[in-house]
Structure formats: structure tokens, C-alpha cells
Amino acid sequence: MHHEAALISTIAVGFVLAFGFGYVADRLRLPPLVGYLVAGILIGPYTPGFVADAGLSAQLAEVGVILLMFGVGLHFSASDLLAVKGIAIPGAIGQIVLATLLGIGMCSLWGWSFGTGLVVGLSLSVASTVVLLKALEERNLIDSANGRVAVGWLIVEDLAMVLALVLLPAFAEVLGGKPLQGHEPSGMPIALELAVTLSKVAAFAVIAILIGPKVVPWMLARVARTGSRELFTLSVLAVALGIAYGSAHIFGVSFALGAFFAGVVLSESSFSHKAAADSLPLQDAFSVLFFVSVGMLFDPTILYRSPGAVLSVLALIIFGKSLIAFAIIMLLRYPVGTGLMVSASLAQIGEFSFILIALGISAGLVPNEGRDLVVGGALFSIMLNPLVFHAVGLLQKRVARPAGASFYGQRHYEALGRQLAVIKARQEERSKAQDLKLNSLLELFPMLQLVERQDQESLLLMFRPKSASPGDRVIRRGDRADGMYFISSGAVEVHVADRVIRLEPGAYFGEMALLTGERRTADVIAVDFCQFLVLDRRDFNQFMARHPGVRAAVASIAEERQAMNLAPPRTDAKEPPVLQEDVRT
């Protein structure tokens, strides 16, 4: 295989095998991700046959993580994060500390050092956001209160792992390891280095939350006005990948967190649904490669070399972490159902675990067997996670109270529900306002119904509002055409060919000069306080070029107007009244 074809072969073989084994898994009533993991094992370095490029697979998988986290951010506003902070922050931190202590204790029984146990324990304490999102999407739980808590919990875990990745190289020698290449001591005290890291993360959050909502929607609005679908999709990808890359290299946060905040920035704008729809196919495709890359890391020989250790790791992930999380949620006085949901969400590990364990190996803190155990634990916990969710669902039904009956943690849960309901109502109100604005426009100008919904929204962005007072000259005879005018309110009079024609809301004028390229042939004067929607010359040409049906309709009416305007005025009493459309400007 030529080196130049490594990327193509990795993507092609990965997708083909993932599709095949995913389909088989589905026919066997197993989650498709089990098939994706098996596909990864088959093309990994530990099985015979074709071996995909592990480095390229990891990078492609990272793209999937970025797009998936961006999609989560689009549906998870900053208000949602603040709403669940009371349970997510103490819960995630407490769970990480206790699960890490369990990992240290387990490693000490194997004769490994404290430093090794610390790295392994941290790797096992953090769950995969990608796996959680897939599980919640399959069960339509992302928008539920428990789903919001679970996602917020894992976001806090990801933030904590950012700090761990910064501090581990600084403490490597103290823990019994060696200095990492490229992570030489900076000369500043550990406390100061930690403060700098926290400042960077805080600065990124401030920029993302305060400045991002003003800049990113403005940029996407300019792109949407072009009416180009491919350009809008490209701009969405540029925002997701660009912010993820910039946040990692400038502020030191992970790609995934950067992409999540990029989605949060865009979630408050009117483009969030369109951005989510455009990026969804790429999210699905590249997230498959994430599971394939996990399978590639697995060394099956660990199953007979250390079967007891694999089971111990798996027990810590599925039972240890889940019981810790459940106990913390009970102490925080939230319902049993919330505790079960979060427990199931944490019963797996993923992307951050691989990064931490690889860093531990580079620092000389973790043996290669530790990596094999963590990867094995990730593989089997991901495979078993659907069963955990199924078991949790059965438990929730058993402990469910009759409607109207009080339950443990009711006060906290209802308070959280009210907060999330207010946030959701605000988002729905904004969406309804946008729909109402568009529907009102379509009722006023039925001709615009000839284009698809997505293009109608793009047209709405192209319109430039303009007002006029009584007596103002809106269009002057002999001027160059600057745009097409749609009357939203008020009335105008068109002076053309010794005629005075009154136009009212729902009418439009100015299109003829744009179609012919000639100068204006009429004066248009406001006779009332008017509001117009103006489609500028450039936007008019672009929109009509993309929608020949609308152009044909406009041209047909313009020809009728031209014929009427050129006809000599009739002076007999039986002359029919001039219609609003019978005007050429």
C-alpha cells in the first residue's frame, strides 16, 4: 500500500468493516457500536491481516469527538450548565476523587506504586462523553432533566481532566517518573502554574460566552445571506474545528471542550437548528471512527495474560464508579431516578482515559500492561453500557412512585425541573418568534412560498429593512436600480405614464429595472408611514439565479406591468381600474 493512500485506506476499510459488523450486531439485537469496536480490533496491530494507520485513525476519531461535542453544545446552552451546577460540580469532583482512590487501592494490591495507581485511577474515573451521548440519543433523553444532569456532570469531568493533563507532567518526577519531552519544568512554582492554567480556562470561557455570541452568529448571518448551502455547511465546520483547535493551542483546553463551547456559543442564535442539521451526517460518520479507533488499541492477549485484573478494572468501572455516583446524588438529596441515570452514564470510560494513560506511560509511571488493562476496560464497558442502561430502566420502573405521590429528593428535582422548563420555554419562544416572522412574511407575499423552507429563512436574512415617512420619495425616475421593495406596512403612490397608482402592504415594486438592467422609469412616493423589506441588487441576482421558478413568476408579472405601462391612457368613463401589479418601476 502506497504511503499516499494511507488515509484513504484507513477511512475506506474502517467504514466498510464498521458498516458490516454494525449491521450484523443490529441483526443480533446488539447495539451497532459493538460491531464498530469489533471492526477496530480486526484492523488493529494485534490481529493478523490488514493493519490501519493507528495515528490517522486517532486523529479521524478526534474529528468525530469534536463534531459530536459541537452538536451537544448546540442543544445545551450556558443556562443549562448553570442550572445543573449544584449537582454536577460537587458530584463530578467527589466521584473523581473517590474513584481515583479505588484505583490506587486496586493497583497497590498488584504491587504497583502510588504514582501508577494515581494515573490508572484517574483514567478509570472519567467517563466518555461520546458514549454517553450515543446512549442518550438512542433513548431520547438528552433533553430530559436527568439527561441534562448527566451531560453537565461529564462536562465537569472533562474540565477536571484538563487540569490533570497539565499537572501530571509537573508532578511526574515527584510521583516516581521521569520528565516528559516537551514538558520540561517551566521554572515557576506548581501553584503558579496551576493558577496560570485556571486563568487560561477562565479566559477561554469568558471569551466564548461573552464575545462568541456576538461574533459567530453575525458571521453565519453574512454567510447565510449568500444562499449557498455548501458555504454555510463549510462555515459551521470552520467554527467547530477552528474554535476547537484554537482553544487547545491558545488556552490549553481539549479539542472536545473547545468544540462544546463553540456549540454553546451558537445555541443562542437562530442558526442552531440549521447548523445541527448540516453537521449531523459528519457527526455520525466520524463518531463511528471513534469506536473503531478504540477497538484498534485493544490487545486481546491481555484476556489470558491477566484475566483477573481485567475483571477488576471492569468491576471498578461498572460497579465502583456507579455506586459512588449514586451515593453522592443521594447525599445531595436528588431522586433515585436521577442517581440511577447518572450511574449508568458513568459505567464506561473513553477518550480522556486513553490520553491520560498514554501520558502516564510517556512519564514512566505506568507499564504497558496498565494501558492494556485500561483499553480492555474501555472496550468491555462500552460494550456492556447498553445493558447497564437497560437494567437501570428496569430498576426505575420498580422504584417509580404513583403519579402525585411524594418521593425522595422531590424538592431539589422539581426546582431543577422548573429551571430547565424556563430555559426550554425561552428557547421555544425564540424559535416560535422566528417561525411567526417567517409565516407572516409568507402570508403577506405568497410568491415566496415557491421556495423551500430553508431558502425562505435565507431570504429572510437577505432582506434589509427600510422606512419612509409621508411625502418621502422612495424611488426617483432615472436612478439606477438599487433593489426590489416589498411593502410590509403603509402605502405608496407610483407615478408612471400619466398614471398614479396606489400600492399597499403585500405589493412589491422595483423589480423591472433589476431584471432589464435599465434605469428607473417611475417615481414612487410614500403617502403613509411605510416599512419596506428591500432585497438589494446583489442579493436579488443571487436569489433569482438559484430559484428560476421565482424569477419566472416575477418576470411574468413584470412583462404584464410593462405592457400596461406602455399602453396609452384611456379617457372614457369605462376605463377599468388599475391594479396594484400594473406598474413598472
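For the structure, check the block above.
Residues numbered from 1 in each chain as written. Predicted model: local features only at pLDDT ≥ 70, side-chain atom pairs only at ≥ 80, totals over all residues. Heavy atoms only, no water.

Some words on the packing of aromatic side chains
Taken as a whole and assessed by the stated rule, the structure comprises nine aromatic pairs. Ring geometry for Phe445 versus Phe486: centroids 5.0 Å apart, planes at 80°, classification edge-to-face. Here Phe486 lies in strand β3 (residues 483-489) and Phe445 lies in the loop between α18 (410-444) and α19 (453-462), a separation of 41 residues in the sequence. Both residues of the pair, Phe445 and Phe486, count as buried. One aromatic cluster in this structure is built from Phe445, Phe463, Phe486 and Tyr508. (Phe/Tyr/Trp six-rings, centres within 6.5 Å; stacked < 30°, edge-to-face > 60°. Helix = DSSP H or I, 4+ residues; strand = E, 2+ residues; numbered from the N terminus. Buried < 20%, exposed > 50% of the residue type's maximum accessible area, 1.4 Å probe, protein only.)

Notes on helix α14 (residues 307-331)
The end-to-end C-alpha distance of α14 is 35 Å, a good match for the 36 Å that 25 residues give at a rise of 1.5 Å each. Along α14, the sharpest kink reaches roughly 35°, centred on Leu316. (Expected span 1.5 Å × (residues − 1). Bend = angle between axes of the 7 residues up to and from the residue.)

Section: the packing of helix α3 (residues 54-74) against helix α10 (residues 229-251)
The packing of two helices is summarised by the inter-axis angle and the distance between the axes. Interaxial distance between α3 and α10 falls to 10 Å at its minimum, and their mutual angle equals 110°. As far as their axial angle goes, α10 and α3 are roughly perpendicular. Two secondary-structure elements touch here, α3 through Ile66, Leu67 and Phe70 and α10 through Val236, Leu237, Val239, Ala240, Leu241 and Ala244. A breakdown of the residues in the contact of α3 with α10 according to their chemical character gives nine nonpolar, no polar and no charged. (Axes fitted to C-alpha atoms, helices over the stretch in contact; angles between N-to-C directions. Parallel < 35°, antiparallel > 145°, perpendicular 65-115°, else oblique. Contact = heavy atoms within 4.5 Å. Nonpolar A, V, L, I, M, F, W, Y, C, P; charged D, E, K, R; others polar.)

Notes on unusual backbone geometry
At Asn140, a position not held by glycine, the phi torsion is positive, near 55°. Structurally, Asn140 is set in the loop between α7 (129-138) and α8 (145-171). When its relative accessible area of 69% is taken as the criterion, Asn140 is described as exposed. Residues other than glycine seldom take positive phi values, yet Arg333 does so here, at roughly 65°.

Concerning helix α17 (residues 368-399)
The periodicity of an α-helix, 3.6 residues per turn, causes residues three or four places apart in sequence to face the same way. Relative to the 46 Å expected for 32 residues at 1.5 Å per residue, α17 spans 43 Å between its end C-alpha atoms, a close match to the ideal helical length. The largest bend in α17 is about 40°, located at Leu384, with the proline Pro386 one to four residues further on.

Section: the pairing of strand β7 (residues 523-526)
Pairing analysis gives two bridges linking strand β2 (residues 473-475) to β7, with the strands arranged antiparallel. Residue pairing across strands places Arg473 opposite Ile525, the latter belonging to β7. In this sheet, β7 lies alongside strand β4 (residues 492-496) in antiparallel orientation, the contact comprising four bridges. Looking at β7, one finds that Val492 is bridged to Ala526. (Pairing = 2+ DSSP bridges.)

Some thoughts on the sheet that holds β2
Strands in a sheet are paired, the pairing made by backbone hydrogen bonds, and the direction either parallel or antiparallel. Read from one edge to the other, the open sheet built from four strands follows the order β2-β7-β4-β5, with strand pairing classed as antiparallel. The two strands at the open ends of the sheet, each matched to only one other strand, are β2 and β5 (499-503). Averaged over neighbouring strand pairs, the angle between their axes works out to 30° when direction is ignored. In this sheet, β5 lies alongside β4 in antiparallel orientation, the contact comprising five bridges. Across the sheet, the residue bridging to Val492 is Leu503, located in β5.

Description of the environment of Leu379
Topologically, Leu379 is positioned in helix α17. Judged by its relative accessible area of 1%, Leu379 is buried. For the pair formed by Leu379 and Gly350, sequence separation is 29 residues and the distance between their alpha carbons is 8.5 Å. The residues contacting Leu379, other than those within four sequence positions of it, are Leu37, Ile41, Gly295 and Phe298.

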